[in-house]
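Architecture at a glance
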Amino acid sequence: SAVISQKPSRDICQRGTSLTIQCQVDSQVTMMFWYRQQPGQSLTLIATANQGSEATYESGFVIDKFPISRPNLTFSTLTVSNLSPEDSSIYLCSVLGTGGDEQYFGPGTRLTVT
Amino acid sequence: EDQVTQSPEALRLQEGESSSLNCSYTVSGLRGLFWYRQDPGKGPEFLFTLYSAGEEKEKERLKATLTKKESFLHITAPKPEDSATYLCAVRSGKNYGQNFVFGPGTRLSVLP
């Protein structure tokens, strides 16, 4: 299984600002995923980040709000732009395991927007 | 649209009291059904993958089973350390891609 770290672990941001979340994996992976987990809710896939190509966004998520970078096979960033209180959530990155379907998740970044 | 529901929403058990969690799904071409455990303040931890009806997987006190419409996570003689939220997810084959859908989870509390 992959070991995944995220920075920051938590942050409190003001409305209208942006937060960039970093995700680092201990091995090279083709695809990385970004999820949002709103308070008391389950996980919703935001986008898939492939190295060397544009991220693929799920319905309801747009690049202007959630720009993603994937500069190499072990690292990705998710930026949450123009923050509003509704963006207060836990943001998680994940990668696929060697079985090809199971996912391994980072510890999450807890964002609070005031 | 792919959907996953889980029941019950929350479950309290006494230590040693066995029970089952349910995951019901509708999906266009099941590519896999997954169980995860999530502890407070942490990311989900992978438990099992099931691919076809009739398949079973076991790990310590947990056993996952799959039918064409639902999956069960059986917990035998649970211990307090089994307390967590258990998430069910499916991956469909309708888009070659990353169509993962998670259920809302079951919050399990095991009392000593």
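See the structure printed just above.
Here's a quick rundown of the structure. (Residues numbered from 1 in each chain as written. Chains lettered and ligands numbered in written order. Predicted model: local features only at pLDDT ≥ 70, side-chain atom pairs only at ≥ 80, totals over all residues. Heavy atoms only, no water.)

Quick look at the sheet that holds strand β7 (residues 62-66) of chain B
All names here are of chain B. Under the convention used in this document: Strand pairing is assigned whenever DSSP detects at least two bridges linking the two strands. Counting from the N terminus, the helices are DSSP H or I runs at least four residues long and the strands are E runs at least two residues long. Axis definition: a line fit to C-alpha positions, over the contact stretch in the case of helices; interaxial angles, taken between N-to-C directions, run 0 to 180 degrees.
The antiparallel open sheet is built from 5 strands, whose spatial order is β1-β3-β8-β7-β6. Two strands in the sheet have a free side with no partner beyond their single neighbour: β1 (3-7) and β6 (56-59). Recorded for the sheet is a direction-independent mean angle of 15° between the axes of neighbouring strands. Bridge analysis of β6 against β7 gives 4 bridges, and the strand direction is antiparallel. If you follow K59 over to β7, its bridge partner there is L62.

Observations concerning unusual backbone geometry
Convention followed: For every residue, the accessible area obtained with a 1.4 Å probe (protein chains only) is divided by the maximum for its type, and the residue is called buried under 20%, exposed over 50%, and partly exposed between those limits.
Omega for the peptide link from K7 of chain A to P8 of chain A comes to -10°, which places this bond in the cis form. Residue placement: P8 of chain A occurs in the loop between β1 (4-7) and β2 (10-13). Between S7 of chain B and the following residue, P8 of chain B, the backbone shows a cis peptide bond with an omega angle of -10°. Tracing the backbone through its elements, the reader meets P8 of chain B in the loop between β1 and β2 (10-14). In this model, E60 of chain B sits at a positive phi of 55°, which is unusual for a non-glycine residue. For E60 of chain B, the location among the structural elements is in the loop between β6 and β7. Residue classification places E60 of chain B among the exposed residues on the basis of a relative accessible area of 71%. The residue A77 of chain B is not glycine, and still its phi comes out positive at about 45°. Within the secondary structure, A77 of chain B is located in the loop between β8 (70-75) and β9 (84-92).

Comments concerning the nonpolar core
Here is the rule: The set of buried Ala, Val, Leu, Ile, Met, Phe, Trp, Tyr and Cys residues whose side-chain atoms join them within 4.5 Å is what this entry labels a nonpolar core. Two residues form a contact once any of their heavy atoms are found within 4.5 Å.
Y35 of chain A together with F102 of chain B are the most contacted members of the largest nonpolar core, which has 43 residues in total. Beyond its immediate chain neighbours, meaning those up to four positions away, F102 of chain B contacts Y35, S42, L43, Q103 and F105 of chain A together with V4, Y36, L87, C88 and A89 of chain B. By size, the runner-up hydrophobic cluster in this structure holds 23 residues, among which are W35, A64, L66 and A84 of chain B.

So, the state of the cysteines
The cut-off we apply is this: We call a pair of cysteine sulfur atoms a disulfide whenever their separation is within 2.5 Å.
Going through the model one piece at a time under the given rule, you end up with 2 disulfides over all chains. In this model, C23 of chain A is linked to C93 of chain A through a disulfide, with the two sulfur atoms separated by 2.0 Å. Handedness here is read from the sign of the S-S torsion; for C23 of chain A and C93 of chain A, about 75°, the answer is right-handed. Of this pair, C23 of chain A sits in strand β3 (residues 19-25) while C93 of chain A sits in strand β9 (residues 89-96), and the two are 70 residues apart along the sequence. For C93 of chain A, a relative accessible area of 0% corresponds to the buried category. Covalently, C23 of chain B is tied to C88 of chain B through a disulfide, its sulfur atoms 1.9 Å apart.

Regarding the packing of aromatic side chains
Counted only if it meets this: When two rings of Phe, Tyr or Trp (its six-membered ring) have centres within 6.5 Å they constitute a pair, described as stacked for plane angles under 30 degrees, edge-to-face for angles over 60, and tilted for the intermediate range.
Summed over all chains, the structure comprises 10 aromatic pairs over all chains. Their ring planes at 65° and their centres at 5.5 Å tell us that F61 of chain A and F66 of chain A sit as a pair that is edge-to-face. By relative accessible area, which is 4% here, F66 of chain A ends up buried. Arranged with centres 6.0 Å apart and planes meeting at 65°, the rings of Y104 of chain A and F46 of chain B form a pair that is edge-to-face. Placement of Y104 of chain A in strand β10 (residues 103-105) and of F46 of chain B in strand β5 (residues 45-50) is noted, with the two residues assigned to different chains. Residue Y104 of chain A is classed as buried on the basis of its relative accessible area, which comes to 19%. Among the residues examined, F46 of chain B registers a relative accessible area of 17% and is labelled buried. By the ring-pair criterion, three or more aromatic residues cluster together here, those being Y35, Y104 and F105 of chain A together with Y36, F46 and F102 of chain B.

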